Amino acid sequence: MICLKNINLAYDDTPIFEDFNLSLNHNEISGILGASGIGKTTLINIIAGITPVQKGTVHGLDHQELSYIFQEPRLLPTETVYDNLSFVLHKHYPDPRKRREVILRNLDLVGLLDALNRYPFELSGGMKQRLSIARAFAFPSRVLIMDEPFKGLDVKLKSTVMEAFKRSYQAMHKTVVFVTHDLDEVLDLSDRVFVLGSRPAKVLATEVILREPGHRTPLENMDKKRASLLKSLL
């Protein structure tokens, strides 16, 4: 379990988190839902060790075991699709045959096998984001952090990219911490939803989508009143 205990952080004397506590289960997708500017990205940066805190601790996480999916794909523009993955895997899979096997398997999961020799400028926005998903799952990490990875995608592209994520997750379970301000996204992907609000930020509500380990309740089976309650807290 990843545990944040008594986290305190302020910017210019404005408290963002004050004695903030949160526990996230391993091998689940924990969705952090909240309005823009509430502190979601700051929270995952604290978890990742990117943003230091003034007080408090984070337990249950080795920062060397992290992979990250950002709002933008952050690809190497001069490298092919294949080499964008090979670059981050080279130290972890020194055997080129094993590395190629890992790369091709992950590109297949996101539907990019036929694009492995293309460069980022030849890819659509959805393809670039699918490539960032393949890169994150190919990296031998236990924990994956996602910072609004579907932001800016139109409805069709978002659906395609989310399906690619689901395929990758089903093939290789990781502990996922996922932040968004989109209720439909977080309910569709998460096992457990935490609604972040107020100032300093606090957890206003927790919704368990997971009914038993490894089996998520379909979104359509969720009580509409509870979904509306979550939305009202944003």
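Draft legend 1. Fine view of the environment of P52. Tracing the backbone shows P52 in the loop between helix 1 (40-47) and strand 4 (55-59). Through-space distance from the C-alpha of P52 to that of N8 is 9.8 Å; in sequence the pair is 44 residues apart.

Draft legend 2. Spatial organisation of the nonpolar core. L107, L131, L144, F165 and V176 are the most contacted members of the largest nonpolar core, which has 45 residues in total. If one sorts the elements of this core by residue count, helix 4 (residues 125-138) sits on top with seven residues. Counting residues in each nonpolar core, the second largest holds 26 residues, with I16, I44, I145 and F194 among its members.

Draft legend 3. The packing of helix 2 (residues 81-89) against helix 4, seen in detail. Following both chains from N to C, one finds helix 2 and helix 4 inclined at 30 degrees, their axes separated by 10 Å at the closest point. Comparing their axes, helix 4 and helix 2 come out roughly parallel. The handedness of the crossing between helix 2 and helix 4 comes out as right-handed. Residue-level contacts link V81, N84, L85, V88 and L89 of helix 2 to L131, A134, R135 and A138 of helix 4. By residue class, the composition of the contact of helix 2 with helix 4 is seven nonpolar, one polar and one charged.

Draft legend 4. Structural detail: unusual backbone geometry. Residues R199 and P200 are joined by a peptide bond in cis, for which omega reads 0 degrees. The phi angle at D13 is positive, at roughly 65 degrees, despite the residue not being glycine. Turning to its location among the elements, D13 is positioned in the loop between strand 1 (2-11) and strand 2 (14-24). Residue classification places D13 among the exposed residues on the basis of a relative accessible area of 79%. Notably, D19 is not glycine yet its phi reads approximately 50 degrees, a positive angle. With respect to the secondary-structure elements, D19 resides in strand 2. Given a relative accessible area of 43%, D19 falls into the partly exposed group.

Draft legend 5. Inspection of the sheet that holds strand 7 (residues 175-180) at higher detail. Judged by pairing direction, the sheet is mixed, and its six strands sit side by side in the order 5-6-7-3-8-9 without closing on themselves. Either end of the sheet is taken by a strand with one partner, and the two such strands are strand 5 (66-69) and strand 9 (202-208). In this sheet, adjacent strand axes meet at a mean angle of 20 degrees when their direction is disregarded. One ladder, built from five bridges, connects strand 6 (residues 143-147) with strand 7; its direction is parallel.

Draft legend 6. Structural context of the side chain of K166. Within the element layout of this structure, K166 appears in helix 5 (residues 155-171). Under the relative-accessibility criterion, K166 is labelled buried at 18%. For K166, the side chain forms a polar contact with the side chain of D188, separated by 3.1 Å. Residue contacts for K166: discarding those within four places in its chain leaves D188 and L189.

Draft legend 7. Up close: the layout of surface pockets. One number sums up the size of the second largest pocket: a volume of about 220 Å³. As for the second largest pocket, its lining consists of L66, S67, Y68, F70, R74, V88, H92, R135, A136 and F139. Taken together, the elements giving at least two residues each to the lining of the second largest pocket come down to strand 5 and helix 4. Top element by residues in the lining of the second largest pocket is strand 5. It accounts for three residues. When its residues are assigned to classes, the lining of the second largest pocket shows six nonpolar, two polar and two charged.

Rules of the game
Residues numbered from 1 in each chain as written. Predicted model: local features only at pLDDT ≥ 70, side-chain atom pairs only at ≥ 80, totals over all residues. Heavy atoms only, no water. Helix = DSSP H or I, 4+ residues; strand = E, 2+ residues; numbered from the N terminus. Core = buried A, V, L, I, M, F, W, Y, C linked by side-chain atoms within 4.5 Å. Buried < 20%, exposed > 50% of the residue type's maximum accessible area, 1.4 Å probe, protein only. Axes fitted to C-alpha atoms, helices over the stretch in contact; angles between N-to-C directions. Parallel < 35°, antiparallel > 145°, perpendicular 65-115°, else oblique. Left-handed = near helix turned anticlockwise from the far one by under 90°. Contact = heavy atoms within 4.5 Å. Nonpolar A, V, L, I, M, F, W, Y, C, P; charged D, E, K, R; others polar. Pairing = 2+ DSSP bridges. Polar contact = N/O pair within 3.5 Å; in protein donor to acceptor, adjacent residues only side chain to side chain. 1 Å grid on protein atoms, 1.4 Å probe; cavity = no way out; pocket = protein on both sides within 12 Å on 5 of 7 lines; lining within 4 Å. Points joined across faces, edges and corners; volume = space filled by probe spheres on them.

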